[in-house]
Amino acid sequence: NICVMNAQIPVSWYIVNSSNNQFKYDGNWVTIPNGNYNGNSFITLIKSLMNAIIPASVTSIVLSSSTGVLTFTFVASRSLQFPTTFSLTIAIKRI
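All of these numbers come straight from a predicted model, not from anything done at the bench. Residue numbers run consecutively from 1 along every chain, following the written order of its sequence. With pLDDT at 70 or above as the cut-off, local features in this predicted model cover only qualifying residues; side-chain atom pairs require 80 or more to be listed or tallied, and sums for whole chains, interfaces and linings still use all residues. Where side-chain values are given, they derive from all heavy atoms of the structure, hydrogens and water being excluded.

A. Fine view of a nonpolar patch on the surface. Patch construction takes residues with relative accessible area above 30% that form no salt bridge. Like charges are linked within 9 Å, and nonpolar side chains (Val, Leu, Ile, Met, Phe, Trp, Tyr) are linked within 5 Å. To be clear on the numbers: accessible area is Shrake-Rupley with a 1.4 Å probe, and residue cover counts the displayed protein chains and nothing else. Basic side-chain nitrogens of Lys or Arg form a salt bridge, by our definition, when they fall within 4 Å of a carboxyl oxygen of Asp or Glu. Together, Ile9, Val11 and Trp13 give the surface a local cluster of nonpolar side chains, amounting to about 420 Å² of exposed area. For isoleucine 9, a relative accessible area of 70% translates into the label exposed. Burial status follows relative accessibility: with a 1.4 Å probe on protein chains alone, a residue under 20% of its type maximum counts as buried, one over 50% as exposed, and anything between as partly exposed.

Below, the structure is given as structure tokens:
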């Protein structure tokens, strides 16, 4: 008989990957680097990427801890377009 007492099988994938890492902001493609993010690091990154296209255009991005929805606040009216296949879920863990 053979018995496995312990095994580590590395399987890793990114939450943000090539299937969900792009959206259009005022007609410009924004590409989020593949990776895993917590809520704060994701918001900081998205705000930085968007403000690189139109400086100081995003005043805040707030993540609801109860729904996981991101709410964007802009200085002026802006256009956000997400591909129909875009799907990204951010899990929030309360400590």
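B. Highlighting the environment of alanine 76. Looking at the secondary structure, you find alanine 76 in the loop between β4 (70–74) and β5 (80–81). A sequence separation of 19 residues divides alanine 76 from serine 57, and the C-alpha atoms of the two residues are 7.2 Å apart. Note on conventions: DSSP H or I runs of at least 4 residues are helices, E runs of at least 2 residues are strands, and numbering of each starts at the N terminus.

C. Structural context of the nonpolar core. What we call a nonpolar core is a set of buried Ala, Val, Leu, Ile, Met, Phe, Trp, Tyr and Cys residues that are connected through their side-chain atoms within 4.5 Å. Counting residues in hydrophobic clusters, the biggest one holds 14 residues, and the most contacted among them are Phe23, Tyr25, Ile32, Ile46 and Met50. Of all the secondary-structure elements, those providing two or more residues to this core are β1 (22–25), α1 (39–53) and β3 (58–63). Examining the composition of this core, we find that 5 residues originate from one element, α1, more than from any other. Other than its neighbours up to four places away in sequence, methionine 50 contacts Phe23, Tyr25, Ser57, Val58, Phe72, Phe74 and Leu80. Contact between two residues is taken to exist if any of their heavy atoms lie within 4.5 Å; hydrogens are not considered.

D. Molecular detail of the side chain of asparagine 51. Within the element layout of this structure, asparagine 51 appears in helix α1. A relative accessible area of 18% places asparagine 51 in the buried class. Not counting chain neighbours up to four residues away, the residues in contact with asparagine 51 comprise Ala56, Ser57 and Val58.

E. Expanded view of the pairing of strand β2 (residues 28–31). Relative to β2, β1 runs antiparallel, the two sharing 4 bridges. Across the sheet, residue lysine 24 finds its bridge partner in β2, namely tryptophan 29. A pair of strands is treated as paired once DSSP finds two or more bridges between them. The antiparallel pairing of β1 with β2 creates a hairpin that spans 2 residues between the two strands, and aspartate 26 there sits at a positive phi of about 50 degrees.

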